[in-house]
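Remarks on the overall topology
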Amino acid sequence: MVILQAIATEQSFSFIPRSQTYDKLLVENEATGVEKEITITSFINGDYYDTINATFVNGTFSLIENNFYKLTLKNGTTTVHKDRIFCTCLLYTSPSPRD
């Protein structure tokens, strides 16, 4: 699951893709069924996982706090990754080994 915030600045997420070639990022609100294409501003292809940077809030679409979204990453018409997004205002921090 990808955790994002309802902010108008660029956010990033990492994932393990089926292919390192993709050109379309689609986000669908699970409550309303409204799907929008999000512009990928940059990405990094790693050895085992990739990282995408994108702005998920713009004039026609915005993430809504406490909502779930379906994330679909495509290369043309081929789906290369599917995931789920949860939007929250809380910052997620990984637990330290001492916790």
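Thresholds applied
- Residues numbered from 1 in each chain as written.
- Predicted model: local features only at pLDDT ≥ 70, side-chain atom pairs only at ≥ 80, totals over all residues.
- Heavy atoms only, no water.
- Helix = DSSP H or I, 4+ residues; strand = E, 2+ residues; numbered from the N terminus.
- Rg over C-alpha atoms; globule rule 2.2 N^0.38 Å.
- Buried < 20%, exposed > 50% of the residue type's maximum accessible area, 1.4 Å probe, protein only.
- Contact = heavy atoms within 4.5 Å.
- Lys, Arg positive; Asp, Glu negative; His and termini not counted.
- Charge placed at Lys NZ, Arg CZ, Asp CG, Glu CD.
- Pairing = 2+ DSSP bridges.
- Axes fitted to C-alpha atoms, helices over the stretch in contact; angles between N-to-C directions.
- pLDDT = per-residue confidence, 0-100.
- Salt bridge = Lys/Arg side-chain N within 4 Å of Asp/Glu carboxyl O.

As for the overall build of the protein
- Looking only at helices and strands, the protein has 0 helices and 8 strands in total.
- Each helix and strand of the protein, placed in order from N terminus to C terminus, yields the pattern β-β-β-β-β-β-β-β.
- Computed over C-alpha atoms, the radius of gyration of the protein comes to 14 Å, within 12% of the 13 Å expected from 2.2 N^0.38 for 99 residues, which places it in the range of a compact globule.
- Projected onto its principal axes, the C-alpha positions of the protein cover 45 × 35 × 20 Å.
- For the protein, with 99 residues in total, the buried portion stands at 33%.
- Residue pairs at least 24 apart in sequence account for 60% of intrachain contacts in the protein once pairs closer than 6 positions are excluded.
- Here the protein contributes 8 positive and 11 negative side-chain charges, whose respective centroids are spaced 6 Å apart.

Quick notes on the sheet that holds strand β1 (residues 2-4)
- Spatial strand order, β1-β8-β7-β3-β4: 5 strands in an open sheet with mixed pairing. Lying at the two open borders of the sheet, with one neighbouring strand each, are β1 and β4 (35-38). Along the sheet, successive strands turn relative to each other by an average axial angle of 30°, direction set aside.
- Alignment of strand β7 (residues 68-75) against strand β8 (residues 78-87), held across 8 bridges, turns out to be antiparallel. In the sheet register, Tyr69 faces β8, and the bridge partner there is Ile85.

Some words on the confidence of the model for the protein
- Looking at the protein as a whole, the pLDDT averages 89, with 91% of positions reaching at least 70.
- When pLDDT is averaged over each element of the protein, β7 comes out on top at 96 and strand β5 (residues 40-45) at the bottom at 91.

Brief notes about the pattern of salt bridges
- Per the stated rule, a full pass over the model turns up 1 salt bridge.
- As a salt-bridge pair, Glu30 and Arg84 come within 2.9 Å of each other at their nearest N and O atoms. Taken as a pair, Glu30 in the loop between β3 (24-29) and β4 and Arg84 in strand β8 lie far apart in primary sequence, 54 residues in all.
- Relative accessible area serves as the criterion here: at 32%, Glu30 is assigned to the partly exposed category.

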